[in-house]
Amino acid sequence: MDHFLYKNGTLHAEDVALADIAASVGTPFYVYSAATLTRHYRLFTEALSPLPHLVCFAIKSLSNVAVLKLLGDLGAGMDVVSGGEYLRAKAAGVPGDRIVFSGVGKTRDEMRLALKGGIRQFNLESEPEMRALSQVATELGVVAPVAVRVNPDVDAKTHEKIATGKKENKFGIPIDRASAVYAEIARLPGLKVVGIDVHIGSQLTELEPFELAFKKVADLTRQLRAEGHTITRLDLGGGLGIPYTRSNEAPPLPTDYGAMIKRTLGDLDVEIEIEPGRLISGNSGLMVSGVIYVKNGEDRDFLILDAAMNDLVRPSMYGAHHDIIPVVEAPAGSPTQAYDIVGPVCETGDTFAKGRDLPLLAEGDLVAFRSAGAYGAVMSSEYNTRPLIPEVLVKGDHFAVIRARPTYDEMLNRDSIPEWL
Ligand code: LLP
């Protein structure tokens, strides 16, 4: 459920008409609903209760500091994968002891940043990284809390670009090497084991792959404890999928996911951490765009929007589907037309949808891309020197720009011409 509904025939974000935002900030823009973000975060905390747990929002899915503040104030932890994301979490007021540092290639500088600023745990992904962290922590005279990300060799049954838990993927340490790696950590200075980490992929639409992976983690927990390690936390990663269309089969709900976690890991006396991104942010955001032209081609009609692949790359990058709906609701029974919906960027791949049925649209009309809160704004670029589009947050009948559209001057002034040229 989200808070983007038609009221009086026009699409609203909570109590704000999208047309009003468009009139104020121009199109295209992203808009997020505070009520939906809050609701989705709470679904997880309710699903995991009464187990001790921390829901660490995967910042990579939506990293605006205002959104992080909203979630942080509700008690969320944060899952970060770079120094920049770490600083975003801190800028949102999230304390270090609620920040988990994931990612395959943490640099020594990033490790230093997090160790100085405070960190809940590093999720280690390789032996060289483990040795680097040991050195950095020792130099700083501190002890780094660590979990090792194990690769359970489980098929997540999702898009190949976002599956991470098979042995051919670059992520984690093969689960059968875990025992040796934990033994080395115990010998190294500056490191302290706190738990085990696993993340098998994103947009999973079944619970079975999670359950297979979590059972392996349960067995590993018992084994490592028997070998003398202190395992107090299990970080289960993110990955629970969302419905991208209203018609397709609904992925499992957080309650089902929580029940499965309790069933497979509930008796281990550990704190559960999860790192959901998409399920919290995905359906909490829309991208709103205006129609520049309707171009009647030879065998098809093109809807040329002012948003393009640089603003929302998921369709061209993964062939992803986003529902696209008119901001002004068409009366029931209105005629529809099949459009190829494209952006102005000079690539054929700049296509959002082909042959999509929509009510008849004209220049200046607005459309909204649903489910665009996750991996939307964060993956945008300035390709074709198109300014990054603004982000807007709505709460009740308030809205505010939480990232402004840069001016052309701001964009051009980032380049410099050497004096010797
Ligand atoms: N934890 C780790 C270690 C991750 O790598 C990810 C996502 C998450 C948590 C959050 O996963 P989520 O709950 O959002 O599925 N750009 C792609 C998705 C890439 C996901 C990368 N890792 C897309 O647009 O579908």
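Everything quoted here is computed from the prediction, not taken from an experiment.

**Here's the deal with the environment of L48**
Right, on to step 1. Position of L48 among the secondary structure elements: in helix α2 (residues 34–48).
Right, on to step 2. The exposure class of L48 is buried, given the 23 C-beta atoms found within 10 Å.
Right, on to step 3. Between the C-alpha atoms of L48 and G258, which are 210 residues apart in sequence, the distance is 5.1 Å.
Right, on to step 4. Setting aside residues up to four positions removed in sequence, L48 forms contacts with H53, G258, I261 and I272.

**Concerning the site of the ligand**
Right, on to step 1. Close to the ligand lie 21 residues, the nearest being A58, S202, G238, G277 and Y375.
Right, on to step 2. Elements that contribute at least two residues to the shell around the ligand include exactly α10 (278–281) and α11 (314–318).
Right, on to step 3. Classifying every residue of the shell around the ligand gives seven nonpolar, nine polar and five charged.
Right, on to step 4. There are two domains that each give the shell around the ligand at least three residues, and those are domain 1 (4–31 + 282–412) and domain 2 (34–281).

**Here we look at the UniProt feature "modified residue: N6-(pyridoxal phosphate)lysine" (unreviewed entry) in the protein**
Right, on to step 1. The residues that UniProt annotates with the feature "modified residue: N6-(pyridoxal phosphate)lysine" (unreviewed entry) are K60.
Right, on to step 2. By the element assignment, K60 lies in the loop between β5 (53–58) and α3 (65–73).
Right, on to step 3. Setting aside residues up to four positions removed in sequence, K60 forms contacts with V81, E85, G277 and V378.

**Concerning helix α4 (residues 83–91)**
Right, on to step 1. Those residues of α4 lying buried are E85, Y86, A89 and K90. For α4, the buried positions fall inside an angular range of 145° around the axis, keeping them on one side. Seen from the buried face of α4, the exposed residues on the opposite side, beyond 90 degrees, are G84 and A91.
Right, on to step 2. Check the buried side of α4 and you find it contacts α3, β6 (77–80), β7 (99–101) and α5 (108–117).
Right, on to step 3. Two residues or fewer past α4, G93 is found with a positive phi of approximately 90°.

Rules and cut-offs
- Residues numbered from 1 in each chain as written.
- Predicted model: local features only at pLDDT ≥ 70, side-chain atom pairs only at ≥ 80, totals over all residues.
- Helix = DSSP H or I, 4+ residues; strand = E, 2+ residues; numbered from the N terminus.
- Buried ≥ 20, exposed ≤ 12 C-beta atoms within 10 Å, placed from the backbone.
- Contact = placed C-beta atoms within 7 Å.
- Near = placed C-beta within 6 Å.
- Nonpolar A, V, L, I, M, F, W, Y, C, P; charged D, E, K, R; others polar.
- Domains from an automatic or database assignment.
- UniProt positions renumbered as here; feature names shortened; annotations may be inferred.
- Arc of directions from axis to C-beta.

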